[in-house]
Amino acid sequence: MNRILAKKQLSADVYEVTVEAPLIAASRRAGQFVIVQIDTDWGERIPLTIADADSGAGTLTMVFQTVGATTHRLAVKNAGDYIENILGPLGNPTHIEKFGRVVCVGGGIGVAPLYPIVQAMKAAGNTVLVIIGARTRELVIFEERMRGYADELVIVTDDGSYGRKALVTAPLEEYCGQNPAPDMSVAIGPPIMMKFCEKTAAEFNVPIMVSLNTIMIDGTGMCGGCRVTVGGQTKFVCVDGPEFDGHQVDFDNMMLRMKAFREREDEDHHSCHLNLGLETV
Ligand code: FAD
Ligand code: FES
Ligand code: MG
């Protein structure tokens, strides 16, 4: 059991939880994730990226968006409550080196998993150019934290309520078009956003790393739930990823597979709202 030490609401549907998990906190590296089981009587396990960790205090911080039944169950927990179990750190750490100029693009909740990568890229001596994208002003997260590490920070919103009215691909295209072009780019966000970031980077021959968020079940490479096609080969995101060379990923196939359980997820989401006494959606 892992005790929740703090919980904060960052925006309408985004929460940050800090939990006791000393062994994971001591060994985690940027880009890794955990699999969380909220409570025993509800068995679903969900992957969440480690957004931050404090090895001295033995704590992990995760940032999550309430999108369905399990994330809503986590959102109603408070400081002092317990999470049944947390498995990790899982996945391969991000490949960090001194590339030179690195553009880091985060969309929506993808900004949280991008944060430790921005920190690590900066610590490795890179010039880090960060692009944060959100639908609207109140969904922009991690702005101040990113300012602490980014050499440049561009914020875009779909509706223009904050920063530039644009999609993240607009500033990415501008950075990629500079001479010299960036040495590396990283994109984390909804699959459709990563797909178009990849297309943009490809036009300028800029390498791009993406962190894939496929459905996961066991997180250990045994169930095959997280399989994706990368460079024509089947890969498991939980053990071979979660980061891959974006230019090799078959995003269309991945998006198709992610819709596979939509009907069942919607049923759980609806009954969870009734059980938790939340407004049904
Ligand atoms: P549901 O209604 O069950 O599902 C909503 C959507 O979430 C689905 O359509 C599907 O696309 C996805 N999903 C559902 N079940 C799973 C599952 N078991 N594994 C993965 N995706 C699933 N979200 C965050 O908010 N913050 C994070 O830091 C974060 N990190 C992730 C890291 C990795 C490596 C992966 C693979 C996913 C990550 N996600 C993160 C996504 C998160 O796991 C899903 O939003 C969550 O599982 C949804 O569960 P639900 O029951 O609330 O919603
Ligand atoms: Fe089962 Fe990756 S989650 S193989
Ligand atoms: Mg679910």
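Use the structure listed above.
Conventions and cut-offs
- Residues numbered from 1 in each chain as written.
- Chains lettered and ligands numbered in written order.
- Predicted model: local features only at pLDDT ≥ 70, side-chain atom pairs only at ≥ 80, totals over all residues.
- Heavy atoms only, no water.
- Helix = DSSP H or I, 4+ residues; strand = E, 2+ residues; numbered from the N terminus.
- Buried < 20%, exposed > 50% of the residue type's maximum accessible area, 1.4 Å probe, protein only.
- Pairing = 2+ DSSP bridges.
- Right-handed = clockwise from strand over helix to strand, strands pointing away.
- Axes fitted to C-alpha atoms, helices over the stretch in contact; angles between N-to-C directions.
- Parallel < 35°, antiparallel > 145°, perpendicular 65-115°, else oblique.
- Left-handed = near helix turned anticlockwise from the far one by under 90°.
- Contact = heavy atoms within 4.5 Å.
- Nonpolar A, V, L, I, M, F, W, Y, C, P; charged D, E, K, R; others polar.

Enquirer: Mind laying out unusual backbone geometry, listing which residues take part and the relevant values?
Expert: With omega at 0°, the peptide bond leading from Gly88 into Pro89 counts as cis. Tracing the backbone through its elements, the reader meets Pro89 in strand S8 (residues 85-90). In this model, Asn179 is joined to Pro180 through a cis peptide bond whose omega is 5°. Along the polypeptide, Pro180 turns up in the loop between helix H5 (169-177) and strand S13 (184-188). A positive phi angle, close to 65°, is found at Phe142, a residue other than glycine. On the secondary structure map, Phe142 appears in the loop between strand S10 (127-134) and helix H4 (143-147).

Enquirer: Which residues make up the pairing of S13, and what values go with them?
Expert: For S13, a buried count of five out of five residues is recorded, marking the element as mostly surrounded by other parts of the structure. Side-chain alternation along S13 places Met184, Val186 and Ile188 on one buried face and Ser185 and Ala187 on a second face that is also buried. With five bridges joining them, strand S9 (residues 101-107) and S13 adopt parallel strand pairing. Directly across from Gly106, in S13, lies its bridge partner Ile188. For S13 and strand S14 (residues 208-211), the ladder comprises three bridges, and the chain directions are parallel. Across the sheet, residue Val186 finds its bridge partner in S14, namely Met209. At this point the chain moves from S13, through helix H6 (residues 191-203), to the parallel S14, and the crossover so formed is right-handed.

Enquirer: Which residues make up the packing of H5 against H6, and what values go with them?
Expert: Contact geometry for H5 and H6: axes closest at 9 Å, N-to-C directions at 20°. In terms of their interaxial angle, H5 and H6 are classed as roughly parallel. Classified by chirality, the crossing of H6 by H5 is right-handed. Contacts between H5 and H6 involve Thr169, Leu172, Glu173 and Cys176 from the former and Phe196, Cys197, Thr200, Ala201 and Glu203 from the latter. Classifying every residue of the contact of H5 with H6 by side-chain character gives five nonpolar, two polar and two charged.

Enquirer: Describe in detail the pairing of S10, supporting the description with residues and values.
Expert: Successive residues of a regular strand alternate their side chains across the two faces of the sheet. Counting buried positions along S10 yields seven of eight residues, so the element is predominantly enclosed. Direction of pairing for S9 relative to S10: parallel, over a ladder of seven bridges. Directly across from Arg101, in S10, lies its bridge partner Thr127. Handedness of the crossover is the feature at issue here: the chain leaves S9, passes through helix H3 (residues 111-123), returns alongside S10, and the resulting connection is right-handed. In this structure, S10 lies alongside strand S11 (residues 152-157), joined through six bridges in parallel fashion. Each residue of the ladder has a partner; that of Gly133, found in S11, is Val156.

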